Amino acid sequence: MADLWGGRFEGDTSELMQQFNESFSLDQRLWYEDITTSIAHVTMLGEQGIITSEESEALQAELAQLRTEIEADPSILSGNYEDIHSFVEAKMIKRLGDTGKKMHTARSRNDQVTVDMKLYVKRTLGELAELIEAMIATFQAKAETVDALMPAYTHLQRAQIVPFSYYLDAYVAMFERDLKKVYQAINLLDENPLGAGALAGTTYDINRQRTTDLLGFRQVQRNTLDSVSNRDFILDALQVFSSLMVHMSRMSEDLIIYSSQEFAFVESSDSYATGSSMMPQKKNPDALELIRGKAGKVIGLMNSMYTIMKGIPLTYNKDMQEDKAIYFEAYDTTNACVRILTGVVDELIVKEDRLNETVHDGYLNATELADYLVRKGLPFREAHGIVGEAVVYAIKATKQLHELSLDELQGFSNKVDADVFDYLQPEKIMQQGIKRDMFR
Ligand code: ARG
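Cut-offs and rules
Note that residues are indexed from 1 along each chain, following the sequence as it is written. This being a predicted model, a pLDDT of at least 70 is required before a residue's local features are given, and a value of 80 or more before pairs of side-chain atoms are given or counted; all residues contribute to the totals for chains, interfaces and linings. Values reported for side chains reflect all heavy atoms of the structure, with hydrogen atoms and water molecules removed beforehand. Each helix is a run of H or I in the DSSP string that is no shorter than four residues. Each strand is a run of E no shorter than two, and both are numbered from the N terminus. This radius of gyration counts C-alpha atoms alone. The globule rule is 2.2 Å times how many residues there are, raised to the power 0.38. The contact criterion used throughout is that any non-hydrogen atoms of two residues lie within 4.5 Å. Note that accessible areas follow from Shrake-Rupley with a 1.4 Å probe, and for residues the cover is restricted to the protein chains shown. The convention is simple: Lys and Arg are positive, Asp and Glu are negative, and His and the chain ends are not counted. A charge is said to be at NZ when it belongs to Lys, at CZ for Arg, at CG for Asp and at CD for Glu. Salt bridges are defined by distance alone: a side-chain nitrogen of Lys or Arg within 4 Å of a carboxyl oxygen of Asp or Glu. Burial classes: relative accessible area under 20% of the type maximum marks a residue as buried, over 50% as exposed, and values in between as partly exposed (1.4 Å probe, protein chains only). Working definition: residue near molecule or strand if any one of its non-hydrogen atoms lies within 4 Å of it. Throughout this description, a polar contact denotes any pair of N or O atoms lying within 3.5 Å of each other; where both atoms belong to protein, one of them has to be capable of donating a hydrogen while the other can accept it, and for residues adjacent in sequence the pair is counted only when both atoms sit in side chains. For this scheme, ten residues count as nonpolar: Ala, Val, Leu, Ile, Met, Phe, Trp, Tyr, Cys and Pro. Four count as charged, namely Asp, Glu, Lys and Arg, and the remainder, Gly too, count as polar. Think of it this way: DSSP has to see at least two bridges between two strands before they count as a pair.

A. Examining the overall build of the chain more closely. The secondary structure content of the chain amounts to 19 helices and 6 strands. The C-alpha radius of gyration computed for the chain amounts to 31 Å, which surpasses the reference 22 Å derived for 440 residues by more than 25%, pointing to a less compact arrangement than a globule. At a minimum sequence separation of 6, the contacts of the chain that also span at least 24 residues come to 76%. Counting only carbon and sulfur atoms, one obtains 51% of the accessible surface of the chain, whose full area is about 21,100 Å². Charged side chains of the chain number 45 positive and 67 negative; the gap between the two group centres comes to 3 Å.

Here it is, written out as structure tokens:
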């Protein structure tokens, strides 16, 4: 391995240390960003007269050429290099000789790796935002196709009746918040650290505004010590992933429960389920279980990064190199889960008959009966007690509240009239409760 820093050393780095230290196997994913930021850097160096315009142009052309070559054949990204930055610099030196050796003037790998990662995180967060938008659109389209009512739960006990579409809308609301968090994370990172040098800038007359414009950042990142130490933008992204994963995991858990024969509200389509090697009858909601499991992994990755960052002194320390393995893994996982959950919901088989039948059991209209008595003049707490007794009676009689006779109901309160039954039908409850306009 050709070290970038050989001059200071008399002995060679051990083989073991080289393997331990290298990040090329991971950070080669930053090749596009590394070349892009290098092009901006040498463009600025040429304009400022720090290198000649011929040298600048030769470097720009050769960097662009390398980018095209890697695009066509990613296997070029191989060999014994410490990291992607050494790889790109070595290629430039090989192709341009002394001019290649000037590329790293007025720059350190400390500002370079941060600017590369910022561009990478910005791009991938943008891609994630698109996936979340597609997921939201899929949920909304699904909601349009399902008319059924369903029991909603607290403590996993039947509580009240809602339209199935309203259940889906709850997750739409969560994902809309997550989307805002993605944009917030992009907004916060949008400052250019390039030019911070190793930590204290450089004595060269560089133009940081120029590279900021070339790279499309909103502004220059002000403090150079902060610039090279900052991994907040990775922590923020990991928090967004965790939030999204928690929401997707809760929905997965709902749908896993709803897929059991005991509930039988929904069924995964064949494309998102798997079977058992032994039990021929099985159809398992593996996609959802994997999302639930991977949520744990992503939260763990976020915790890892926070733990790495909490104790390192200013400014750059090699600990921070671990950010790549963590970010890539967390991003890939979250990206895959969003696409999978979108597919699962798109193709979800919703058993509408079963759902509509379910809302007639389980005393889901008990609250409405209490509200009815309140309308007839009873204080709510008293009405609550009366209905509680009616429920106990109905359970013993193995009947639902709306199956009790008028006489039986009047036995609990003389406020009950024949119109009570109008208030107890699930469809009627819906007309009075959740209205269409509550969706938006
Ligand atoms: N591979 C390194 C990283 O990911 C790049 C920065 C190296 N800087 C240094 N001073 N060794 O953090």
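B. Molecular detail of the pattern of salt bridges. Under the counting rule described, the total for this entry stands at 24 salt bridges. The salt bridge involving R210 is made with E47; its shortest N-O contact spans 2.7 Å. One end of the pair, R210, is in helix α9 (residues 208-215); the other, E47, is in helix α3 (residues 31-47), and 163 residues separate them in sequence. Look at R210 and you get partly exposed, because its relative accessible area is 28%. Put simply, E69 and R95 hold a salt bridge, and the shortest N to O gap is 2.8 Å. Of the two residues, E69 is situated in helix α4 (residues 53-72) and R95 in helix α5 (residues 84-96); the sequence distance between them amounts to 26 residues. By relative accessible area, which is 24% here, E69 ends up partly exposed. Overall, the relative accessible area of 31% leaves R95 in the partly exposed class. Among the charged side chains, a salt-bridge network with shared partners connects E82, D83, R109 and K318.

C. Local environment of the site of the ligand. The environment of the ligand is formed by S23, D27, D83, H85, R109, N110, V113, Y316, K318, Q321 and K324. Y316 places a side-chain nitrogen or oxygen 2.3 Å from an oxygen atom of the ligand. In isolation the ligand offers 340 Å² of accessible surface; the protein chains occlude 87% of this area. The element contributing the most residues to the shell around the ligand is helix α7 (residues 109-145), with 3 residues. The residue inventory of the shell around the ligand, partitioned by class, reads 2 nonpolar, 4 polar and 5 charged.

D. Region of interest: unusual backbone geometry. A cis amide bond links L314 to the next residue, T315, at an omega of 0 degrees. As for its placement among the helices and strands, T315 is situated in the loop between α12 (286-309) and α13 (323-347). With a phi angle near 65 degrees, A106 is a residue other than glycine that sits in the positive phi range. Take A106: it is sitting in the loop between α6 (98-101) and α7. For A106, a relative accessible area of 10% corresponds to the buried category. Phi is positive for L156, which is not a glycine, with a value near 55 degrees. With respect to the helices and strands, the residue L156 is situated in the loop between β1 (149-154) and β2 (157-163).

E. Here's a closer look at the pairing of β2. As judged from the 6 bridges shared by β1 and β2, these two strands associate in the antiparallel manner. Across the sheet, the residue bridging to T154 is Q157, located in β2. Connecting the antiparallel pair β1 and β2 is a turn made up of 2 residues, with H155 showing a positive phi of about 55 degrees.

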